[in-house]
Number of protein chains: 2
Amino acid sequence: MASRSSATIGLVQMRCTDSREENLHRALKGIAEAAEKGAQIVCLPELFGSLYFCQKQDPALFELAEPIPGHSSELLAQAAKKHQIVLISSLFEKRAPGLYHNTALVHGPNGGLLGMYRKMHIPDDPLFYEKYYFTPGDLGFKAIDTPFGKIGVLVCWDQWYPEAARLTALQGAQILFYPTAIGWHPAEREQFGNDQLTAWQLAQRAHALASGVYVAGVNRFGHEGDPKGGLIFWGHSFVSDPYARLIADAPHDRDACVIHQCDFALIEETRRNWPFLRDRRIDAYGGITNRFGTP
Amino acid sequence: MASRSSATIGLVQMRCTDSREENLHRALKGIAEAAEKGAQIVCLPELFGSLYFCQKQDPALFELAEPIPGHSSELLAQAAKKHQIVLISSLFEKRAPGLYHNTALVHGPNGGLLGMYRKMHIPDDPLFYEKYYFTPGDLGFKAIDTPFGKIGVLVCWDQWYPEAARLTALQGAQILFYPTAIGWHPAEREQFGNDQLTAWQLAQRAHALASGVYVAGVNRFGHEGDPKGGLIFWGHSFVSDPYARLIADAPHDRDACVIHQCDFALIEETRRNWPFLRDRRIDAYGGITNRFGTP
C-alpha cells in the first residue's frame, strides 16, 4: 500500500454499560467525532460492547459472545466505510460452540476486514477471570497493512510483555494499538493506584522506545460491578512517540477523543539516533522461548 | 548459596580522569564508603578506570586494556575481600592480542571471581565508537549466584534491550546491575537532554516491571573530551524496584553513594499481583531470533 509520511490516529475512550446497543451507539458516536477531527485510524477500548463481564465466572455470560462476521462487526464495518477510516475494535468472539476468544478486528475504509488478532496473553486474577472465557490466541503477532500505515494490534494484558511488542514491531508495524480494560480495585486505589497507572503507561512507552514505534493505549473508564467493590476503570488513554514521550494522556473519569498525528519520519529519526534494531544479538536470544532457567 | 530475605546494594557514582591510579583510588574510596554504609553488593560505573576513551578511534588506546586477572582486577578482588562484599566492576579486557572486550567482573567476599560478563550489545554512534574497541560478548546472558543474592550484570547499551533483561531474569537474577557510561552531547542537551535521561531510566524500570526484579543503573558523571564538545556524563545512578518505582536517583553532577536495601519478598509480592511470568507465550516467541520481518 502507499507509503505515507504520517497518520492521524483517534482513541475513543468511553464508559460501557450492560446494553450492547447503547455501547455500540456510543462507540459509533465516538468514531464519528474522531473522524470529524481528522482521525484516519480509530481505536475503541477492549470489549467495548458490554460491561467488563470477566469480574465473575458465569456460564450464562458466554451469551455475550458473537460470531465474526456478526451484528457488531457488521456495524463496525459500515462505520469504517462511512467515515473512510481504518477502525480497530475489540469483540468477544464466538468461534465455535465452547470456543471463544478476545479478538481485535481491523476494518478498512472500504468496509473490508484487513486483519484480525486474537489476544495471546490471557490474564486471570481477582475480578479479571479471563482464562475462564478466552482461549489464548492462535494467530500469533503480526502487522496489518492499511492505507494509512502498517499497524499492530495487541490487547490489554499483552501490554506487559516486551516480546509481544517486539515481535509485532519486527513485522514492520509503525504504530501499536492496545485496546484495554484496566482499572483499580477500589480498596487498593489509595495505596497503589498511582503506581499502577504509572507502571501501565511506562511499560508501553518502553515498547515504543525499544523498537522505535508509536504506541497507543485505549481504555474504558467508570466504576463497574459491586458498588462497594468492583473495578474503577482508569481511562488515561494515551499516545507515546518512539522516544517514549507521553504526547497525549486522557483524563481518568470521562469520555475522551484523543487525536494525534503520528509523523513516520520520527520513527526513522529515532531509530537512526538510537539504532537499537541494528545491534540485536539474535544469535543469543533463543532462551526467550524457555519458561524459566535452563530446561 | 543461602537464601536471604534482602540485600543492601551500593552504587558508586564517580567522575573519571585520565589517571588509572587516581580512578582506582577514587573507586576504592567509594567502595569503602558504600560498605561502611552497609552495602553488601557494590557496583562501579562502566570502564571507571579511564576516561571514556571511545570518543575517538585511536589504536594507541588499546594500551588501556588489561588482562584478567591483572592489576585492576587484583585490587578489586582485594577490596571485595577486605570489605566482605560482592563487588561488580567493569574493565577494558585484553583477552588476546587484537581481541578486546568490555567486561564486567563479580568478585565475592573471599576475593574470588564469582562470575564475569562480556558486554553483548555494542553501540557505535558519534563519540561512542565502541565497535572499534570491543568484540561483542560470547558468554551470553546469565545470573551469578552470590552470598547476598542472585544477580545479573549487563552493561550500558544492553539496557535498551528487553531481551537481555528478560533472559537474565529468567536465569533467576533478583537484581540486574547496569554499569554505564552515558551522557549528553552538549549541543543536544537543551533540546533533548531531559527526554534522553527520562528514556534511559524508563527503559530499565520497564525491565524491572516486566520480570519482577530490582534494577540498578550506575553511571559516571562529568564533562570529558573536547571542552566545546565531548560528552557530559549525566550521573543519575538509580534503583528501580520490581514495581518500576524509582526509589533512588542520584544527582547529575557529583559523587554519590546510593544505598538501598532490596527486599526480596517484594519480588514475590509483585510477581503474585502481576503474574507476567505465568502467562508468557513461549510457544509463539520464536521470531525474536529473526532480524526483521519473516526471513
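Quick notes on the rules
- Residues numbered from 1 in each chain as written.
- Chains lettered and ligands numbered in written order.
- Predicted model: local features only at pLDDT ≥ 70, side-chain atom pairs only at ≥ 80, totals over all residues.
- Heavy atoms only, no water.
- Contact = heavy atoms within 4.5 Å.
- Buried area = accessible area lost by both parts, 1.4 Å probe.
- Salt bridge = Lys/Arg side-chain N within 4 Å of Asp/Glu carboxyl O.
- Polar contact = N/O pair within 3.5 Å; in protein donor to acceptor, adjacent residues only side chain to side chain.
- 1 Å grid on protein atoms, 1.4 Å probe; cavity = no way out; pocket = protein on both sides within 12 Å on 5 of 7 lines; lining within 4 Å.
- Points joined across faces, edges and corners; volume = space filled by probe spheres on them.
- Helix = DSSP H or I, 4+ residues; strand = E, 2+ residues; numbered from the N terminus.
- Nonpolar A, V, L, I, M, F, W, Y, C, P; charged D, E, K, R; others polar.
- Least-squares fit on C-alpha atoms with pLDDT ≥ 70 in both.
- Axes fitted to C-alpha atoms, helices over the stretch in contact; angles between N-to-C directions.
- Left-handed = near helix turned anticlockwise from the far one by under 90°.
- Pairing = 2+ DSSP bridges.
- pLDDT = per-residue confidence, 0-100.
- Buried < 20%, exposed > 50% of the residue type's maximum accessible area, 1.4 Å probe, protein only.
- Expected span 1.5 Å × (residues − 1).
- Arc of directions from axis to C-beta.

**Details of the interface of chain A and chain B**
Interface size, as often reported, equals the accessible area lost upon joining of the parts.
Working step 1: With 55 residues of chain A at the contact, the number on the chain B side is 55 residues.
Working step 2: For the pair chain A and chain B, the two sides together bury roughly 5,400 Å², of which 61% comes from carbon and sulfur.
Working step 3: For the salt bridge of R280 of chain A with E163 of chain B, the shortest nitrogen-to-oxygen distance reads 2.9 Å.
Working step 4: On inspection of chain A and its partner chain B, the count reaches 28 residue pairs in polar contact (both at pLDDT 80 or more).

**Let's talk about empty space enclosed by the protein**
Working step 1: According to the stated counting rule, one finds 5 cavities of 30 Å³ or more in the structure shown.
Working step 2: For the largest cavity, the calculated volume is near 200 Å³.
Working step 3: Lining the largest cavity are 21 residues, and of these P162 and H207 of chain A together with P162, A206 and H207 of chain B lie nearest its centre.
Working step 4: For the lining of the largest cavity, the secondary-structure elements that each account for two or more residues are α4 (162-170) and α5 (186-211) of chain A together with α4 (162-170) and α5 (186-211) of chain B.
Working step 5: Within the lining of the largest cavity, the residues separate by chemical class into 14 nonpolar, 5 polar and 2 charged.

**Topic: the relation of the copies chain A and chain B**
Working step 1: Overlaying chain A with chain B gives an RMSD of 0.0 Å, the required rotation being 180 degrees about an axis along which the chain moves by 0.0 Å. The superposition of one copy onto the other is thereby described by a two-fold rotation axis.
Working step 2: In this assembly, 100% of the residues forming the interface of chain A have copies in chain B that are likewise at the interface, indicating an isologous arrangement.

**A short note on the packing of α4 of chain A against α4 of chain B**
Working step 1: Interaxial distance between α4 of chain A and α4 of chain B falls to 10 Å at its minimum, and their mutual angle equals 145 degrees. Between α4 of chain A and α4 of chain B lies a crossing whose hand is left-handed. Contact residues: α4 of chain A offers P162, E163 and R166 of chain A, while α4 of chain B offers P162, E163 and R166 of chain B.
Working step 2: Broken down by class, the residue content of the contact of α4 of chain A with α4 of chain B amounts to 2 nonpolar, no polar and 4 charged.

**Quick word on the sheet that holds strand β14 (residues 246-249) of chain B**
Residues and elements named next belong to chain B.
Working step 1: Pairing is mixed in the open sheet, where 6 strands are placed in the order β6-β7-β8-β10-β13-β14. Across the chains shown, the open sheet's two edge strands, defined by having one partner strand only, are β6 (143-146) and β14. Strand-to-strand twist of the sheet, defined as the mean angle between neighbouring strand axes without regard to direction, takes the value 20 degrees.
Working step 2: Pairing analysis gives 3 bridges linking strand β7 (residues 149-153) to strand β8 (residues 175-180), with the strands arranged parallel. Of the residues in β8, the one forming a bridge with V153 is F177.

**Some thoughts on unusual backbone geometry**
Working step 1: Residue P69 of chain A is bonded to the preceding I68 of chain A through a cis peptide linkage, with omega at 0 degrees.
Working step 2: Positive phi outside glycine occurs at A244 of chain A, with the angle close to 70 degrees.
Working step 3: Here A244 of chain A is to be found in the loop between β13 (238-240) and β14 (246-249).
Working step 4: Notably, L127 of chain B is not glycine yet its phi reads approximately 75 degrees, a positive angle.

**Structural notes on the confidence of the model for chain A**
Working step 1: Per-residue pLDDT for chain A averages 97, and the proportion of residues at 70 or more is 99%.
Working step 2: As a predicted assembly, this complex carries a pTM of 0.97 together with an ipTM value of 0.97.

**Re the sheet that holds strand β15 (residues 256-263) of chain A**
Residues and elements named next belong to chain A.
Working step 1: Taken in spatial order, the 6 strands make up an open sheet running β5-β4-β3-β2-β1-β15, and their pairing is mixed. A strand with exactly one partner marks an edge of an open sheet, and here the two such strands are β5 (113-118) and β15. Pairs of neighbouring strands in the sheet enclose a mean axial angle of 30 degrees, with direction left out of account.
Working step 2: Here 5 bridges tie strand β4 (residues 99-107) to β5, and the two strands are oriented antiparallel to one another. Bridging from a neighbouring strand, A104 pairs with Y117 of β5.
Working step 3: Packing of helix α1 (residues 20-36) onto the sheet brings it into contact with β1 (6-13), β2 (41-43), β3 (86-96) and β15, and relative to β1 it is tilted by some 150 degrees.

**Quick notes on the side chain of T8 of chain A**
Working step 1: Here T8 of chain A lies in strand β1.
Working step 2: Setting aside residues up to four positions removed in sequence, T8 of chain A forms contacts with G38, A39, Q40, I41, I259, H260 and Q261 of chain A.

**Here's the deal with the environment of T103 of chain B**
All names here are of chain B.
Working step 1: Note that T103 resides in strand β4 (residues 99-107).
Working step 2: Through-space distance from the C-alpha of T103 to that of Y117 is 5.7 Å; in sequence the pair is 14 residues apart.
Working step 3: Aside from chain neighbours lying at most four places away, what touches T103 is I68, S89, S90, L91, E93, M116, Y117 and R118.
Working step 4: A polar contact of 2.7 Å, which involves the side chain of T103, links it to the side chain of E93.

**Considerations on the pairing of strand β10 (residues 214-219) of chain A**
All names here are of chain A.
Working step 1: β10 sits mainly inside the fold: 6 of its 6 residues count as buried.
Working step 2: Of the two faces of β10, the one holding Y214, A216 and V218 and the one holding V215, G217 and N219 are both buried throughout.
Working step 3: Alignment of strand β8 (residues 175-180) against β10, held across 6 bridges, turns out to be parallel. Its bridge partner being in β10, L176 is matched across the sheet by V215.

**Digging into the pattern of salt bridges**
All names here are of chain A.
Working step 1: All chains considered together, the criterion is met by 38 salt bridges over all chains.
Working step 2: A salt bridge links K119 to E46, with the nearest nitrogen and oxygen atoms 2.8 Å apart. Linking K119 in the loop between β5 and α3 (130-133) with E46 in the loop between β2 and α2 (71-83), this pair joins segments that are 73 residues apart in sequence.
Working step 3: Among the charged side chains, a network of salt bridges with common partners joins E93, R95, R118 and D138.

**Focus: the environment of F177 of chain A**
All names here are of chain A.
Working step 1: With respect to the helices, strands and loops of the structure, F177 is situated in strand β8.
Working step 2: Under the relative-accessibility criterion, F177 is labelled buried at 0%.
Working step 3: Separated by 24 residues in sequence, F177 and V153 have C-alpha atoms that sit 4.9 Å apart.
Working step 4: Beyond its immediate stretch of four places on either side in the chain, F177 contacts I9, I41, C43, I88, I151, G152, V153, L154 and A216.

**Considering the side chain of R118 of chain A**
Working step 1: The residue R118 of chain A is located in strand β5 in this model.
Working step 2: In this structure the side chain of R118 of chain A is engaged in a polar contact, spanning 3.1 Å, whose partner is the side chain of D138 of chain A.

**Focus: helix α2 (residues 71-83) of chain B**
All names here are of chain B.
Working step 1: Over its 13 residues, α2 runs 19 Å from end to end, which matches the ideal 18 Å to within 8%, given 1.5 Å per residue.
Working step 2: Within α2 the residues assigned to the buried category are S72, S73, L76, A77, A79 and A80. Buried residues of α2, seen end-on, are gathered within an arc of 160 degrees and therefore sit on one face of the element. Along α2, the residues that are exposed and aim more than 90 degrees away from the buried face are Q78 and K82.

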